[in-house]
Each structure stands twice: as C-alpha cells, then as structure tokens.
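# Descriptive analysis of the structure
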Amino acid sequence: MGKLRIGIVGAGPGGLTLARILYVNGIEAVVFEREASTSDRPQGGSLDMHAKSGQYAIACAGLTTDFRRIARYEDQESRIYDKDGRQVFLEEDLTGKDRPEVDRGQLRQMLLDSLPDGVVRWGSELVAAMPCVDGGFELELRGGVRERFDLIVGADGTWSRIRPLVSDARPVYSGVTFVEMGIDDVDVGFPELARLAGRGLTFAVGERKAIIAHRDSGGHLGIYASLRVPEGWTGSGDLRAYLLAQFEGWDEGLRRLIAESGERMVPRPIYALPVGHRWENQAGVTLLGDAAHVMSPFGGDGANLAMWDGADLALGLVSGSDWRGAVRDYEERMFGRAEACAAGAAEAIEEVFSEDGLEHIVAAMRGHGG
Ligand SMILES: Cc1cc2nc3c(=O)[nH]c(=O)nc-3n(C[C@H](O)[C@H](O)[C@H](O)COP(=O)(O)OP(=O)(O)OC[C@H]3O[C@@H](n4cnc5c(N)ncnc54)[C@H](O)[C@@H]3O)c2cc1C
C-alpha cells in the first residue's frame, strides 16, 4: 500500500484535500498544478463551508482549528432586493447557523501550508495522459517531463484533461455569465454600499438578470453582474458601460455596485456537465470535484463537494489493501451525491434567470432558512 503511486492533477480545493488526507495517513502523492505559484491569479471570493461536506472534509484533514482561524461565522446574513431596490428578504439572525464563509485564497493557502514542500509541483501543466501496458498511467507535462503512476486523479476542474479517459461528456454552457468584480475597503470608501450588501450574501434579481454581492475578508466586497449572454461572449469594449446599460432602470444604489467596482472585471461563463454524469469504472484513473460534476454555483455546493470527494477518496484509499475497489466504491457514492446537487443547481439557475426569478429565489431562500 505504501508503494502505491498517486498522481493528482489540479491544486484546487478537491485535489489539495485529497493530498492532505493521504499525507496524514502516510501516502505522499504528487499534485501537478499548471499555475506558476500560489499567487499566480486571484482565487476569487468567499465560499460558505457546509457542515456535512466542506467542514467534514476539513475535519478529516485534521484542519478544523486552522479553519476556525480563517472562517467568518459573522458573515452568514442573506438579503434579496428587487430591481427597484426594495428589500424583499432579510435573514440576519445567525443563531444556529453553521455555514461560515471563508475566502477561497485563504482556504487554499491553509491546505497548501498543511503539505510538505514538493508535494505540489507548480508550473506543471498536464498536456496528456496515456495508459501504460503494465497498468497505470503516464502523465506528460508541458516541457516534456513524463511520470508514471498507479492511480491518476483528475482534480483539474471544468475543462479536465483527465476526463476524456473515462467519459465523452463535455460541459454545456448554461446561457448565463457572471462578470466578477469587487470593491476594496468598502466600509471606508462606500459605507452606504456596505450597508446595502450587509454581512453575507445579497441578491438583486429581476428581468432575467441579477447583481450578486458577497462580503469577503479584509473589507472587500465581491460583486457579480450576472446575465444571459451568448456562449463565447467576452464583454469586449467598455464592459462597465455595457453592464450599466444592461441594468438601466434599476435602483441607483444597486447600479453603483457596478459603477464603483475596481478595474478588474472577469466574465465567468457558467458551464455544467449533464446532471447524473457518470462513467464505467476504469482501473487506475478517476475524477473528483468539478472535473467529475461541474454544476451551476446556485446551491453553493461545488467547492464543498470537491472537498468531500477528496476526503471520501482518500479515506477509501487508506482504509485497506484493495485500492481499486476503494476507487470503485468512492465513485458510486460520489455519483449519487453529485447528481442530487447538480439537479438542484440546474433548476435554480433556470429559475433565477427567468421572468419570475425574484419569486423563485425568495422561495428558495425561505425554504433554505436563509
Ligand atoms: C462564479 C462562481 C461562484 C462560485 N461560488 C461557489 C460557492 O459559493 N460555493 C462553492 O462551494 N462553490 C462555488 N463555486 C464552485 C467552485 O468554485 C468549484 O466547484 C470548485 O472550485 C471546484 O474545485 P476543484 O478542486 O474541483 O477544481 P478547481 O477549483 O477548478 O481547481 C482545479 C485546479 O486544476 C488546475 N488545472 C486545470 N487544468 C490543469 C492542467 N491541465 N494541468 C495542471 N493543473 C490544471 C487549475 O489551475 C486549478 O488550480 C463557484 C463557481 C463559480 C464559477
């Protein structure tokens, strides 16, 4: 068992959780990451960590104490506005709430700090994966380096290069793109916008569009202007002016979230694999997280599921000698839980970006308890 060679492609929350739990159980896997370093690109805003998935995985990794240092239990409020700026839903009683927010970058750093140097190989982009005649797979990295592993794990996100080894499925564009932007030091610079957004997650929904704001650490307000645009749209030209025109007639306070955002505006088209995506088990290769089941972010399950997958697979691999059986069992459990979340996420994005999106999101938040 100690000799099993595991190669993980992708140092996102899923791949790093897998590597960490293997490491604490005596297996040093290798993680190949195409980014040059941890500071290569901003990691995006906050995620809420759910008790049964993200937080469970963190506990399996022995990192609950470290997590509590970066978790923001105070940022769990929810608000919904209509396009005229009327507040139609408010949940600010945090009693019994257990979905603390954490910045993606801090979560990733916590996982990276928990691994010995050298486990993550930065600047290592996978370009090909080939089956070996004697079992296992050879990974080829940009620059020509090749390495053989008994088990390779595709934790390489939406456009996984490992996925084609097990499945022909490709992610499909949802029709909705989120343009990510943000305001630094919002409490100091724009206290009225800080109040509008509150401490947590805020939606303004109408006309098949949405402005979403979420509180990050360090006084940063993350903002997404979200709308239906054709596939391939990149928002060329003056993106801010384009977005303000799209939200013409909306409440001025809501529009200011776009007007006052910093220069960095990144379109994030929302893609999803077919609900219920699965494959026939194949020895020596598997997937986790978005590579296996990328879905719309409504439900906030993606990173939580990726970490749960990482924990589930790691615990299976360290539990006995039949590692091939452990992978098969992991896949069956993962397919089931991902299908349920993906179905909800697919329905939610269709509903929120429909003519009666506001009613749908209010009903969903009421059902959810905020
Ligand atoms: C707008 C938006 C908002 C979201 N909000 C939430 C939320 O609130 N809560 C939540 O739980 N989820 C949310 N998600 C989903 C969440 O971001 C993903 O589900 C999660 O990051 C998946 O983790 P992962 O480890 O599977 O993959 P990723 O985080 O995508 O990590 C994959 C890693 O693989 C690397 N990689 C890719 N290709 C290669 C290659 N060829 N070679 C080497 N390395 C490679 C990438 O650089 C990356 O570091 C959101 C997603 C979007 C788009």
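What counts and what doesn't
- Residues numbered from 1 in each chain as written.
- Predicted model: local features only at pLDDT ≥ 70, side-chain atom pairs only at ≥ 80, totals over all residues.
- Heavy atoms only, no water.
- Domains from an automatic or database assignment.
- Contact = heavy atoms within 4.5 Å.
- Buried area = accessible area lost by both parts, 1.4 Å probe.
- Salt bridge = Lys/Arg side-chain N within 4 Å of Asp/Glu carboxyl O.
- Core = buried A, V, L, I, M, F, W, Y, C linked by side-chain atoms within 4.5 Å.
- Buried < 20%, exposed > 50% of the residue type's maximum accessible area, 1.4 Å probe, protein only.
- Pairing = 2+ DSSP bridges.
- Helix = DSSP H or I, 4+ residues; strand = E, 2+ residues; numbered from the N terminus.
- Axes fitted to C-alpha atoms, helices over the stretch in contact; angles between N-to-C directions.
- Near = heavy atom within 4 Å.
- Polar contact = N/O pair within 3.5 Å; in protein donor to acceptor, adjacent residues only side chain to side chain.
- Areas by Shrake-Rupley, 256 points an atom, 1.4 Å probe, with all protein chains shown as cover.
- Nonpolar A, V, L, I, M, F, W, Y, C, P; charged D, E, K, R; others polar.

### Description of the domain arrangement of the protein chain
When cut into domains, the protein chain gives domain 1 (6-75 + 99-171 + 273-351) and domain 2 (173-271 + 353-367). In this structure, domain 1 and domain 2 have C-alpha centres spaced 28 Å apart. Between domain 1 and domain 2, the contact holds 20 residues from the first and 23 residues from the second. Interface of domain 1 and domain 2: buried area, both sides summed, is about 1,700 Å²; carbon and sulfur atoms make up 55% of it. Interface area lost by domain 1 to domain 2 is led by Asp75, Ile349 and Glu351, which between them contribute 32%. Between domain 1 and domain 2 we count 2 salt bridges in total.

### Details of the nonpolar core
Core analysis: the biggest nonpolar cluster contains 61 residues, and Ile6, Ile8, Leu22, Leu139 and Ile162 have the highest contact counts within it. Contacts of Ile8, omitting those with residues within four sequence positions, involve Gly15, Leu18, Ala19, Leu22, Ala29, Val30, Val31, Phe32, Val153 and Ala155. Within the second largest apolar cluster, 30 residues are counted, among which are Tyr81, Met181, Phe190 and Leu193.

### A look at the sheet that holds strand E12 (residues 172-183)
One open sheet accounts for 7 strands, arranged E5-E4-E13-E14-E15-E12-E16; its pairing is mixed. Edge positions in the sheet fall to strand E5 (87-91) and strand E16 (266-272), since each has one partner strand and no second. Taken pair by pair, the neighbouring strands of this sheet meet at an average axis angle of 20 degrees, ignoring direction. With 7 bridges joining them, strand E14 (residues 209-215) and strand E15 (residues 221-228) adopt antiparallel strand pairing. Its bridge partner lying in E15, Lys209 is registered against Leu227. Where helix H11 (residues 323-352) meets the sheet, its contacts fall on E12, strand E13 (200-206), E15 and E16, and the angle it forms with E12 comes to roughly 70 degrees.

### Quick look at the pattern of salt bridges
Counting across every chain of the model gives 34 salt bridges. For Arg215, the salt bridge identified is with Asp187, shortest N-O distance 2.6 Å. Taken together, the residues Arg215 in strand E14 and Asp187 in helix H5 (residues 186-189) connect sequence positions 28 residues apart. Put simply, Lys209 and Glu207 hold a salt bridge, and the shortest N to O gap is 3.7 Å.

### Brief notes about the site of the ligand
Taken together, 31 residues lie near the ligand, and Glu33, Arg104, Leu126, Asp290 and Ala303 sit nearest. Within the contact set of the ligand, an oxygen atom lies 3.4 Å away from a backbone nitrogen or oxygen of Gly302. Asn304 has a polar side-chain atom sitting 3.3 Å from an oxygen atom of the ligand. Here the ligand loses 87% of its free accessible area of 1,000 Å² to cover by the protein chains. For the shell around the ligand, the elements supplying multiple residues, two or more each, are helix H1 (13-24), helix H4 (104-113) and helix H10 (302-318). Among the elements that make up the shell around the ligand, the one with the highest residue count is H10 (4 residues). When the residues that make up the shell around the ligand are grouped by side-chain class, the tally is 12 nonpolar, 9 polar and 10 charged.

### Digging into the side chain of Thr202
Turning to its location among the elements, Thr202 is positioned in strand E13. A distance of 2.7 Å separates a polar atom in the side chain of Thr202 from the backbone oxygen of Ala197. Residues in contact with Thr202, not counting those within four places in the same chain, are Arg79, Tyr81, Leu196, Ala197, Ile211, Ile212 and Ala213.

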